[in-house]
Amino acid sequence: MSTESKEILVGESSQAKPEKKTIVLMASDGDEFVVDVDDITNQSEMIRNLISDMGGTDGLQVPLLNVTAPVLAKLLELFNVSNKNDDDEEVTQKVKELMEAELNMMIDVLGAANYIEATSFFDLSCKVLADKFKGMSVEEVREFLNIECDFTEEELQQIHAENAWAFD
Amino acid sequence: MAFGQNATDNCLQEGSHVALINGLPDEISILCLARVPRRYHHILRSVSRKWRALLCSEEWHYHRRKNNMEETWIYVMCRANLKGNLCYVLDPDPANRSWKLIQPIPSPCSKKDGMSVEALGKKLYLLGGCSWQEDATDEVYCYDASANKWDVASSMPTARCFFVSASLDDKLYISSGLGLRSTAPNSWDIYQSDSDSWISHKNPLHNHDVIKLIALEGKLCTIHKSWDGFSYAGIYEPASATWQGIESIDNEIALSTYGPTVVVDGVLYMLHESSGMRLLKWQEERKEWVAIGRLSSHLTRPPCHLVAIGRSIYVIGQRLSTVVIDVDEAAKVEGLMVSSSFSPRFDCDHTIISCNTITI
């Protein structure tokens, strides 16, 4: 979260607005999620631009055709963690836990974050996934991501020979 | 062998029906995978055909660059007394700094003398050379650092050994040296990596006494030594393919024969080995060398070679002993420069032939 957007938040609340503005996000299966405008625009560039293009948030409904309800729920839950913490430590930890517990969900969340242009959350999640590969063996990477080894026996021998000269 | 564009096309077509990571569009998977540090790339390369293809694609390099994830490694060709020529790689990150042998170089190169070694893009080129059994050769071998593989590249138009070479803007320039044919000293050959082809030109240099080429600010500075020992310099302009000698009054740059040189952010530095390991900086405006500081003679084992990564100069000497100087830090204090040094953990008697960097 950038300090700049925090200041805007503080500035608005000090003007004692009666109620928080909200918009509705619609998942691909039709489920509706009411979200705080500041919270979502703090994360999603796409929604920030959309609100600015529409000239306001009144009655705004945003259909997210590529995102299912469970994925959107998880994404919003993680945004919440991110918005509540000044540093990325807590949200990084949550993404890590999600990756270990439900890799497929984590991958879907990553795709959804990219779709709504939640750039810093997306970058953070990419880094969590990339860090996971550090120190993994080839077999462990294949098993972790459920990737089939499609090399021929001959190619595997060649790879083995190459890696014998590569770096441990 | 496939080169340049063809290689990239082949890479991307390979296994295109399967996703890199199940459930993610490939363009997003690439964004994630490109963040994996370079020292793990050999693991990624071995996962599947598609992953292997990705790691040698232009797209991969584009995303590494765009995300500021590129890492520069140092490739050192050396001569070991009993084992012939060997190539080592150094990941300079202090957390995993160690010298490692790369795949054995092609056997014809292992006994050669007088080869030129140049880096261009993601590849290291071994050009020409000769041996006790063999006269000068026109052979070129190249090591693709992103595939960790040696291959054959197009032969030079002229067989050469002990010649000058430089790498500048996607091209290799070679000239001079000792060759088989009488025309050799008089040609100026240019290699284009994207087409893996050579073009031979008439030598634009007026004399055949060039002893060093320095790529500097988009041009080649040519350093010459005439038969009577007189040093002078010239400038070759790639755009117009013309050469001009530098006025003798401004010729002090020709002193760059006194030691190994390196260019840091467009500025030429030289390690003056014969006068107490002084680091000198070429001041283009004043046309003179300015002393930055001195290196402790306990740290270096001359003759040294220099490479630059960012604002640091790596001084690599015999037995792979290495001294790192941050040029900005070095300029702050007079006299002995602040530096760090390290040596390989194994015993070696290696003499350095060349040092190059490749960024991925």
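Residues numbered from 1 in each chain as written. Chains lettered and ligands numbered in written order. Predicted model: local features only at pLDDT ≥ 70, side-chain atom pairs only at ≥ 80, totals over all residues. Heavy atoms only, no water.

Going by what an unreviewed UniProt entry lists, chain B is known as F-box domain-containing protein and is assigned to Musa balbisiana.

The name recorded for chain A in an unreviewed UniProt entry is SKP1-like protein, from Musa balbisiana. Per UniProt, the comment on chain A under Pathway (unreviewed entry) is "Protein modification; protein ubiquitination." Per UniProt, chain A has the following entry under Sequence similarities (unreviewed entry): "Belongs to the SKP1 family." (UniProt positions renumbered as here; feature names shortened; annotations may be inferred.)

Is there a simple way to think about the UniProt feature "domain: SKP1 component POZ" (unreviewed entry) in chain A in this case?
As annotated by UniProt and renumbered to match this structure, "domain: SKP1 component POZ" (unreviewed entry) occupies residues 21-77 of chain A. As a span, residues 21-77 of chain A carries 42% helix and 23% strand, and end to end its C-alpha atoms are 19 Å apart. (Helix = DSSP H or I, 4+ residues; strand = E, 2+ residues; numbered from the N terminus.)

Help me understand the pairing of strand β7 (residues 149-153) of chain B, please; the structure alone is not making it clear to me.
Residue and element names in this part refer to chain B. Both strand β6 (residues 140-144) and β7 contribute to a ladder of 5 bridges, which runs antiparallel. Within β7, the position partnered with Tyr 141 by the bridge is Val 152. Linking two consecutive strands that pair antiparallel, namely β6 and β7, is a turn of 4 residues; a positive phi of about 55° is found at Asn 148 within it. (Pairing = 2+ DSSP bridges.)

What is the right way to read the domain arrangement of chain B from this model?
One frequently used descriptor of interface size is the decrease in accessible area upon assembly of the parts. All names here are of chain B. Domain assignment breaks chain B into domain 1 (4-66) and domain 2 (71-101 + 259-354). The distance between the C-alpha centroids of domain 1 and domain 2 comes to 34 Å. Across the boundary between the two partners, domain 1 contributes 4 residues, which contact 7 residues of domain 2. Across the interface of domain 1 and domain 2, roughly 480 Å² is buried in total on both sides, 36% from carbon and sulfur atoms. The largest per-residue losses of area from domain 1 upon contact with domain 2 belong to Arg 38, Arg 39 and Arg 64, which jointly make up 97% of the total buried on that side. For the pair domain 1 and domain 2, the interface holds 1 salt bridge. A salt bridge links Arg 64 to Glu 71; the shortest N-O distance between them is 3.1 Å. Joining domain 1 to domain 2, the criterion identifies 4 residue pairs in polar contact (both at pLDDT 80 or more). For the side of domain 1 that touches domain 2, a count of residues per class yields 1 nonpolar, no polar and 3 charged. (Domains from an automatic or database assignment. Contact = heavy atoms within 4.5 Å. Buried area = accessible area lost by both parts, 1.4 Å probe. Salt bridge = Lys/Arg side-chain N within 4 Å of Asp/Glu carboxyl O. Polar contact = N/O pair within 3.5 Å; in protein donor to acceptor, adjacent residues only side chain to side chain. Nonpolar A, V, L, I, M, F, W, Y, C, P; charged D, E, K, R; others polar.)

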